[in-house]
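# Descriptive structure summary
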Amino acid sequence: MSVAERLAAVRQRIARACEAARRDAGAVTLVAVSKRHPVERVREAFDAGQLVFGENYVQELVQKAAQVAGARWHFIGHLQRNKVKMVLKARATVETVGSLRLLAELAKRAEEPQSLLLQVNVAGEDGKSGCSVRELPGLIAAAREAEKIELRGLMTIPPFDEDPRPHFAALRRLAEEHSLTELSMGMSADLETAIAEGATIVRVGTAIFGPRPE
Ligand SMILES: *Cc1c(COP(=O)(O)O)cnc(C)c1O
């Protein structure tokens, strides 16, 4: 199957999940996760109408962004503070802010309004990225105080070996509690569950681009 065909199938899955959840299909943004795939695949998806792409490495994001004019980018990997300038320059939405230190660096360096999501380690897994549920209110307050920061919502990656549903539901409750609108959750395997729990952004790689090259 071509990228365009797989993309159409993913869009259909999203539409069906929205219908089942009685939600407007336009309420869910598809982020096509192109990490490790060549820029030609990104262009194929872009030519098939996909506008938003996700990358885990700043260098890769910057390179691809320079080659696909008109695409928008979400950064979904671990962001090192010395790469903040690059990610800001690419005008990427950063979905993976999980510490006050990183937030402060983004706030300090941003010259234009910068969209971001806070990544939450909802399951409290050891060694996992994202802030803890306990740390979240402090990060939200700091993000709301920062002049150039536009806090959009929350993002999570549930544990690989568990039913994701309770973790998605937990993220939704946290967003509601803090009046945040965007919920980035759900990937190739579980986007339907995420949409049922209120996802407004799904990050889908494999189902669109196939297995990632090593
Ligand atoms: C790679 C990745 C995805 C996409 O995962 P698939 O299972 O290939 O859909 C989504 N979110 C994050 C944070 C990722 O790193």
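A brief report on the enclosed structure follows. (Residues numbered from 1 in each chain as written. Predicted model: local features only at pLDDT ≥ 70, side-chain atom pairs only at ≥ 80, totals over all residues. Heavy atoms only, no water.)

### Comments concerning the overall build of the protein
Where we set the bar: Secondary structure elements are taken from DSSP: a helix is a run of H or I of four residues or more, a strand is a run of E of two residues or more, and numbering for both begins at the N terminus. Only the C-alpha atoms count toward the radius of gyration. The rule for a globule is 2.2 Å times the residue count to the power 0.38. Three labels apply to residues, based on accessible area from a 1.4 Å probe with only protein chains included: buried if under 20% of the type maximum, exposed if over 50%, partly exposed otherwise in between.
What the protein contains, in helices and strands, is 9 helices and 8 strands. The C-alpha atoms of the protein give 16 Å as radius of gyration, which agrees with the globular expectation for 214 residues (17 Å, within 12%). The C-alpha extent of the protein, read off along each of the three principal axes, is 45 × 40 × 30 Å. A total of 214 residues make up the protein; the buried ones form 48% of that total.

### Brief notes about the pairing of strand β4 (residues 93-97)
Note the following rule: A crossover counts as right-handed when, viewed with the strands pointing away from the observer, the path leading from the first strand over the helix to the second turns clockwise.
Among the 5 residues of β4, 5 are classified as buried, and the element is accordingly described as predominantly covered. Assessed by its sense of winding, the connection that carries the chain from strand β3 (residues 72-75) through helix α4 (residues 84-89) to β4 is right-handed.

### Quick look at helix α6 (residues 136-145)
The line we're drawing: The directions from the helix axis to the C-beta atoms form the arc being described. By the convention used here, residues are in contact when the closest approach between their heavy atoms is within 4.5 Å.
For α6, the set of buried residues is L136, L139, I140 and A143. Down the axis of α6, the sector holding all buried residues measures 100°, keeping them to one side. Close packing links the buried residues of α6 with β4, α5 (100-109), β5 (114-119), β6 (149-155) and α7 (165-177).

### Considering the site of the ligand
The following threshold applies: Think of it this way: one heavy atom of a residue within 4 Å of a molecule or strand is enough to make that residue near it. We call two N or O atoms a polar contact when they sit within 3.5 Å, provided that within protein one can donate a hydrogen and the other can accept it, with sequence-adjacent residues counted only if both atoms are side-chain atoms. Each accessible area value is a Shrake-Rupley result obtained with a 1.4 Å probe; residue values ignore everything except the protein chains displayed when judging cover. Note on residue classes: Ala, Val, Leu, Ile, Met, Phe, Trp, Tyr, Cys and Pro are nonpolar, Asp, Glu, Lys and Arg are charged, and everything else, Gly too, is polar.
Not every one of the 13 residues close to the ligand is listed here, only the nearest: K35, S188, G205, T206 and R212. Contact between the ligand and N56: an oxygen atom at 3.0 Å from a side-chain N or O atom of the residue. In the model, an oxygen atom of the ligand is placed 2.5 Å from a nitrogen or oxygen of the T206 side chain. Coverage of the ligand by the protein amounts to 88% of the 380 Å² it exposes when considered alone. Looking at side-chain class alone, the shell around the ligand contains 6 nonpolar, 4 polar and 3 charged residues.

### Considering the pattern of salt bridges
We count it as follows: Throughout this description, the term salt bridge denotes a Lys or Arg side-chain nitrogen within 4 Å of a carboxyl oxygen of Asp or Glu.
Enumeration over the complete set of coordinates arrives at 10 salt bridges. Of the charged contacts in the structure, one is a salt bridge between E44 and R41, with a shortest N-O distance of 2.6 Å. Separated by 3 residues within a single helix, E44 and R41 lie in helix α2 (residues 39-47), roughly one turn from each other. The shortest N-O distance in the salt bridge between E197 and R165 comes to 2.7 Å. Here R165 lies in helix α7 and E197 lies in the loop between α8 (191-196) and β8 (201-204), a separation of 32 residues in the sequence. Classification of E197 by relative accessible area gives buried; the value is 9%. By relative accessible area, R165 is classed as partly exposed at 37%. A network of salt bridges, in which partner residues are shared, links R165, R172, E176 and E197.

### Section: the environment of R101
Looking at where R101 falls in the secondary structure, it is placed in helix α5. Counting along the chain gives 43 residues from R101 to R144, while the straight-line C-alpha distance between them is 15 Å.

### So, the side chain of K35
Rules: The charge count treats Lys and Arg as positive and Asp and Glu as negative. His and the chain ends do not count.
As for its placement among the helices and strands, K35 is situated in the loop between β1 (29-33) and α2. For the buried K35, no salt bridge is present, and the opposite-charge side chain at shortest range is E55, 8.4 Å distant. If sequence neighbours within four positions are ignored, K35 has contacts with G54, E55, N56, E60, K64 and R212.

### Remarks on the side chain of S188
Along the chain, S188 turns up in the loop between β7 (182-184) and α8. Engagement of the side chain of S188 in a polar contact is seen with the backbone nitrogen of A207, the distance being 3.0 Å. Once residues within four sequence positions are removed from consideration, S188 is found in contact with R13, R203, V204, G205, T206 and A207.

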